[in-house]
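# Per-entry structural report
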Amino acid sequence: MSAGNGTAQQPLAGVRVIDLTRILSGPFCTMLLGDMGADVIKIEDPDGGDAIRQAGAAVDGLSWYFAAFNRNKRSMALDLRTAPGRQVLARLLEDADVLVENFRPGVLDKMGLDEARLREINPRLVVASINGYGSTGPYAGRPAFDFVIQAMSGFMSANGERDGPALRSGVPITDLVAGLYAAFGVVNALRARDLNGSGQRVESSMMNGIVSMFAYLASDYLATHQAGARCGNDHPITSPYGLFTAQDGDIAVAPSTEATLRRFLASLDLEAVLQEPRFATNGQRMLHRQELNRLINARLASDTQQNWLARLNAAGVPCGLVQDMGQALSDAQVRQQEMVIEVAHPGHGSVRMLGFPVKLSATPCAVRRPAPGLGAHTQEILAEIGMAEAVPPAA
């Protein structure tokens, strides 16, 4: 697949982002801004740069993990522990639109870039901070990592079988949600600046982000003060719903409304069970979930996954197979939506990565440049800001 149409002017064209982030939540945020057209300048320590450069599967010396989250960026090597490095950063911020950082709260202040100093440098600057727990509260100063936030937030308590241990998500969900919210906050702050002329601070935390995703789990707890038990692949407030077993394997079925449930059971010639008191209402079906699931599985065992999927989809019942990563990324639907793209990396050939989930018809996302080598654009950027002699070319 292609890397997108780069000919149309993109929505964030002309927006300059100074990116002090590393690892995942921050680079994901700035990748999203870059995909929308922003000029992202990634500031990296000259001694090795972002640690993700050495993480994950590498091909010909290039980490595809790093390549995926750092496309559409330029890299500048600056030692921010030194006065000259901080002077260059301050000069960059004078002309920037956005600063993004994912240090622990207070680190930016120690670098001499507290809120007052940033306003002095550039009152129109949008400053986005991504952190673990937020900048206030008893945990504000704690180190944070995705696994710990999944545990502390209550997210893990909702995952797993009823009698089994709490489980984490297989993907670093709290990092990704925090980065997504930060990007959302940045574009809102830029729009606010269009209206009032001033920048502002944007804060996104991993804890706040994942807590905001609790949906009906939070609503039910807040209404009843009772935390529901883990229920594996069953649904905490609807039955039947989950994984069922056909002749040759599992099928995921989600009949979340009464009308869809009736279509599901009718497709199985089981609609009559709704006349039984134990299955007549959702509340009763929740109490007798296992009995109903056994009836459904017994019927599904009479035919194959594909035959049932064809029948259920034709009836308007949401259903599908449990696919592994390879199956999902090669699925015809995923390919048609260009969710796997190829990006040419000089010296590394073609690199495959995930595509753009948001489709804009007139100003689409695009990959304008591959992930940069460490410090590859240092001299170029210094020249742009009139500081060509500030950092030696070898930095």
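Here goes a summary of the coordinates provided.

## Side note on the sheet that holds strand β2 (residues 39-44)
Taken together, 6 strands build an open sheet; the order of strands is β5-β2-β1-β6-β7-β8 and the sheet is parallel. Among the strands making up the open sheet, the edge pair consists of β5 (73-77) and β8 (201-205). In this sheet, neighbouring strand axes are inclined to one another by 20° on average, regardless of whether the strands run parallel or antiparallel. Judged from the 4 bridges that link them, strand β6 (residues 98-101) and strand β7 (residues 126-131) form a sheet pairing that is parallel. The residue bridging E101 from the neighbouring strand is S129, located in β7.

## Focus: the sheet that holds strand β9 (residues 242-246)
Ordered by their spatial adjacency, 3 strands build an open sheet running β9-β10-β11, and the pairing between neighbours is antiparallel. Across the chains shown, the open sheet's two edge strands, defined by having one partner strand only, are β9 and β11 (319-320). One ladder, built from 5 bridges, connects β9 with strand β10 (residues 249-253); its direction is antiparallel. Within β10, the residue paired with T245 across the bridge is D250.

## Digging into the pairing of β2
Summarising burial for β2: 5 of the 6 residues are buried, a large majority. Examined bridge by bridge, strand β1 (residues 16-19) and β2 share 4 bridges and lie parallel to one another. Paired with D19 across the strands is K42, a residue of β2. This β-α-β element, β1 to helix α1 (residues 25-35) to β2, shows right-handed connectivity.

Reading guide: rules and limits
Residues numbered from 1 in each chain as written. Predicted model: local features only at pLDDT ≥ 70, side-chain atom pairs only at ≥ 80, totals over all residues. Heavy atoms only, no water. Pairing = 2+ DSSP bridges. Helix = DSSP H or I, 4+ residues; strand = E, 2+ residues; numbered from the N terminus. Axes fitted to C-alpha atoms, helices over the stretch in contact; angles between N-to-C directions. Buried < 20%, exposed > 50% of the residue type's maximum accessible area, 1.4 Å probe, protein only. Right-handed = clockwise from strand over helix to strand, strands pointing away.

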